[in-house]
Amino acid sequence: MTDASIAASRILQLRAELDEHNYRYHVLDEPSVPDAEYDRLFHELKALETLYPALVTADSPTQRVGSLALSAFGEIKHEVPMLSLGNAFEETDLLDFERRVREGLDLPAGDLFGGAAVVEYSCEPKLDGLAVSLLYRDGLLVRGATRGDGSTGEDISVNVRTIRNVPLKLQGEGWPVVLEVRGEVFMSKSGFAALNARQLEQGGKTFANPRNAAAGSLRQLDSKITASRPLEFCCYGIGQVQGELPSTHIGILEALKQWGMPISRELKLANGADECLAYYRDIGERRESLVYEIDGVVFKVNSLAYQRELGFRAREPRWAIAHKFPALEELTELLDVEFQVGRTGAVTPVARLKPVKVAGVTVSNATLHNMDEVVRLGVMIGDTVTIRRAGDVIPQVVQVVLERRPVDARPVQIPESCPVCGSHVERTQLVKRSKGKETFSEGSVYRCVGRLTCAAQLKQAIIHFVSRRAMDIEGLGDKTIEQLVDEGLITSPADLYRLKFEQIINLEGFAEVSCNKLLQAIADSKQPSLARFIYALGIPDVGEETAKVLARVLASLERVQQALPEVLTYLPDIGLEVAHEIHSFFADSHNRQVIAALLSRDECGLQLQEQGELSAEFSASVTLAAMLDKLNIPSVGPGGAQKLADKFANLEAILAADWLDMRQTLPEKQAKAVREFFDNVANAERARAIEAQLQAFGMHWHSEKKVIAGLPLAGQTWVLTGSLEMMSRDVAKEKLENLGAKVAGSVSAKTSCVVAGPGAGSKLAKASELGLRVMDEAQFLDALADFGL
Ligand code: NAD
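Just so we're clear, the structure is a prediction, and the values are computed from it rather than from any experiment.

Thresholds applied
- Residues numbered from 1 in each chain as written.
- Predicted model: local features only at pLDDT ≥ 70, side-chain atom pairs only at ≥ 80, totals over all residues.
- Heavy atoms only, no water.
- Helix = DSSP H or I, 4+ residues; strand = E, 2+ residues; numbered from the N terminus.
- Buried < 20%, exposed > 50% of the residue type's maximum accessible area, 1.4 Å probe, protein only.
- Contact = heavy atoms within 4.5 Å.
- Pairing = 2+ DSSP bridges.
- Axes fitted to C-alpha atoms, helices over the stretch in contact; angles between N-to-C directions.
- pLDDT = per-residue confidence, 0-100.
- UniProt positions renumbered as here; feature names shortened; annotations may be inferred.
- Parallel < 35°, antiparallel > 145°, perpendicular 65-115°, else oblique.
- Left-handed = near helix turned anticlockwise from the far one by under 90°.
- Nonpolar A, V, L, I, M, F, W, Y, C, P; charged D, E, K, R; others polar.
- Near = heavy atom within 4 Å.
- Polar contact = N/O pair within 3.5 Å; in protein donor to acceptor, adjacent residues only side chain to side chain.
- Areas by Shrake-Rupley, 256 points an atom, 1.4 Å probe, with all protein chains shown as cover.
- Domains from an automatic or database assignment.

Undergrad: Explain unusual backbone geometry to me, using residue names and the numbers behind them.
TA: What is expected of a backbone is that most residues other than glycine have negative phi and most peptide bonds are trans. One non-glycine residue, H369, lies in positive phi territory at about 65°. Its place among the elements puts H369 in the loop between β14 (361-367) and α11 (371-377). Classification of H369 as partly exposed rests on a relative accessible area of 38%. For D541, which is not glycine, the phi dihedral falls at a positive 70°. Turning to its location among the elements, D541 is positioned in the loop between α16 (530-536) and α17 (544-554). Looking at D541, the relative accessible area reads 53%, which means it is exposed.

Undergrad: So, the side chain of N212: which residues are in play, and what are the values?
TA: Here N212 shows up in helix α6 (residues 210-218). With a relative accessible area of 7%, N212 lands in the buried category. Not counting residues up to four positions away in its chain, the partners in contact with N212 are D29, P31 and F207.

Undergrad: If you had to explain the sheet that holds strand β22 (residues 742-744) to someone new, which residues and values would you point to?
TA: Strand order in the open sheet formed by four strands is β22-β21-β23-β24, with parallel pairing between adjacent strands. Edge positions in the sheet fall to β22 and β24 (773-775), since each has one partner strand and no second. On average, each strand axis in the sheet is inclined to that of its neighbour by 30°, with strand direction left out of account. The pairing of strand β21 (residues 717-721) with strand β23 (residues 753-756) spans four bridges and is classified as parallel.

Undergrad: For the confidence of the model for the protein, give the residues involved together with the corresponding values.
TA: Scored by pLDDT, the protein comes out at a mean of 91, with 97% of its residues at no less than 70. Contacts of residues 703-708 to residues separated by more than four positions or lying in other chains number ten contacts, the stretch itself having pLDDT below 50.

Undergrad: Got a sec to walk through the UniProt feature "binding site: Zn(2+)" (unreviewed entry) in the protein? Specific residues and values, please.
TA: Within the UniProt annotation, "binding site: Zn(2+)" (unreviewed entry) is assigned to C418, C421 and C454. These annotated residues cover 37 residues of sequence, but their C-alpha atoms sit close together, with the largest distance between any two at 8.4 Å. You can see C421 is positioned in the loop between β18 (410-411) and β19 (425-434). Taking the relative accessible area as the measure of exposure, C421 reaches 28% and is therefore partly exposed. Setting aside residues up to four positions removed in sequence, C421 forms contacts with C448, G450, T453, C454 and A455. For C454, the contacting residues outside a window of four places in its chain are V341, C418, V420, C421 and C448.

Undergrad: Got a sec to walk through the packing of helix α12 (residues 455-466) against helix α13 (residues 478-486)? Specific residues and values, please.
TA: Where α12 contacts α13, the axes come no closer than 10 Å and their chain directions differ by 135°. The angle between α12 and α13 places the two elements in the oblique class. Relative to α13, the crossing made by α12 is right-handed. For the pair α12 and α13, contact is made by A455, L458, K459, I462, I463 and V466 and by D478, I481, E482, V485 and D486, respectively. Of the residues assigned to the contact of α12 with α13, the class counts are seven nonpolar, no polar and four charged.

Undergrad: Can you lay out the site of the ligand for me, pointing to particular residues and giving the numbers?
TA: Taken together, 25 residues surround the ligand, and among them V33, S84, K126, E184 and K300 come closest. Between the ligand and the protein, one listed contact pairs an oxygen atom with a side-chain N or O atom of K126 at 2.8 Å. Within the backbone of L127, an N or O atom sits 3.5 Å from a nitrogen atom of the ligand. Contact with the protein chains removes 94% of the 820 Å² of surface that the ligand exposes when unbound. Listing elements by their share of the shell around the ligand, those giving two or more residues are α1 (3-27), α2 (35-51), β3 (120-127) and β10 (294-301). At four residues, β3 tops the list of elements feeding residues into the shell around the ligand. When we break the shell around the ligand down by domain, the ones giving at least three residues each are domain 1 (3-55) and domain 2 (86-93 + 100-109 + 114-324).

Undergrad: How would you sum up the UniProt feature "binding site: NAD(+)" (unreviewed entry) in the protein? Please name residues and give values.
TA: Residues given the UniProt feature "binding site: NAD(+)" (unreviewed entry) here are D35, A36, E37, Y38, D39, S84, L85, E124, R147, E184, K300 and K324. For the residues just named, distributed over 290 residues, the greatest C-alpha separation reaches 26.1 Å, placing them at more than one site. Mapped onto the elements of the fold, Y38 is located in helix α2. Taking relative accessible area as the criterion, Y38 reaches 18% and is therefore assigned buried. Within the structure, the side chain of Y38 is placed 3.2 Å from the side chain of N22, a separation counted as a polar contact. Its place among the elements puts D39 in helix α2. Of the residues examined, D39 reaches a relative accessible area of 16% and is grouped as buried.

In structure tokens form, the structure reads like this:
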């Protein structure tokens, strides 16, 4: 075969493949490969067609834009075609573009003395969404269309009307009678995260990236679905116009802004290619902190007269170019799935990948989260997968390219025994307790039951125990801990306090000075606050905040250790799940032994600080009514519980009440339910035990609720989520607390307000589901300013 015939057959193959990808991407909104892979195939085709111009056909993907419109929507013919953009990947591509522009305009090349006219460019981020045309007649939105194949798009008029920042009517005056506005419909990063979280919760389909989510949401036949999705619009140009407009691209965008159109806040003017490159670098550096995803920046010759002079090539204008950033998604092969054991014994699948560069970083591992995710992805070992690396987030496997599955692909199986210690691996169970009933379902997490006998868990437990926010023992790095565990010198955190000079000096990297320093640091850690100690224990689901709450409210380790799960749920932000984790941690005999050794004067000699009386806040919140409510007696809510408390004043009186008394207090159905509930001996005993414990803690029923009176946010609970850019979370929290608010870690119906920064996910989703008040950082700062902060 000749070179030309090899090229011809490769060209046919590439076209078929690109057509298929175009269809999936533009019509189905379900691409099977990442954009970087599409771009590679596209460029291979372009290069071959440049070599063999005779083989170029009008239907080649290099000559066409997008793909045909979906027939389910009405068709819309674009008066002015909606084109694609040429791409620059390297700086030299951009310099070539400027050279072509200057040649096209017949401008001489610049010299040192500034002889040549400088070309002005508008610079905008290239939002990663989908192109949309909006037609305004007499200032009213009359039509919305997708780009489709550039000449015919889909009629999505109803759907675009649901996008919050699309003006239905232009503001001000002076707009052309016919004005077609073009721009990108996209989804912010936080909107995307919240949508996916919601979809997961409701068992719906999740989206691989914000672009697919935006496209899939906009091209819905049911506009109610579109309305429920967090879509936004950003305008970047115009199509047909009847009337006057300014003579530059930036001038037009600024006029559009006056008329109420959202345009990019990053819009800038650049003089010549050098300033364009500076813009590219600046946006590149800020790419991760932008609230939306971009795949590059777009440069357009600013003068419309120049634009007209330059004109178009087949599918793209000669006066504009997209300068792309490194792709966030790449293809690679899943070589294997290994299982890692974490501090709490969770056995999690980790993808071992054929190394691949994603956005400038070589990735060889990616998280698969848990076995549910493996099932959801349908991934098998040997598969070709799409890897996504956005921001600081650990790279993720987002999709499987099923077409490339090899015949010998193997399923991913959770090991029966722990890969580190050989103990049994169990699937966790989720317990849901409501109205006195417990229902069990399978959790997504598998756990090694070996606890501290498992070297992996032990190492992680010690790393956590000595960490800065826990016992803060300096000089004990991860490598040293690994050695100590591997050589059997440590089998629990208590052993740290038994370490001898002779044992440490023999470890790698230790000399006399560092050895003494470490021993001193260990000795210095012997008087931790109660909160630090609780946090250091590494109880599953107990982070620093929960540890602080336990310490502040219960104020003694003994109370924390003894507290019944129901009693723990009286504490702020502790739900029944966490309460059970805490309770079962302290019920475990091995844990009890380790704690006893740590606190024993003859062994480790730790002395916990900041212990004392039960907090007044707690005593005030625990009323008999609240206790009865928490017992979850079927059909008895807070109102019924209050009536019982008012009438009987103590638990024994309720247990002994005769039917008549009970009936006078509650409606028959509820009275019966109370009776039946307490007729069950286990329930009565449980209630007595809770009451006894509360009394042993020094509680008594007639206490009044105290409020932090006088402060503006007293009685409110706020939640901070996502990342804040202007201040750290700690500072934000402190400010809120100074105003009298409580700052909680999770969202519930009782939450007063949620402050959501970029990257906010499930908490934001929950907040919008519950219809709570949500503010972004700017609004939060305004609110603080109102209080003089
Ligand atoms: P493009 O995305 O490279 O550029 C043109 C588009 O950029 C415009 O239509 C508009 O929607 C958008 N845009 C964003 N900001 C803009 C701004 N400020 N000014 C002007 N336009 C702006 O080209 P394309 O033809 O839309 O699509 C091709 C791209 O789509 C490829 O780069 C490829 O990565 C991707 N694609 C992927 C697959 C796949 O299977 N993964 C398939 C087809 C296409």
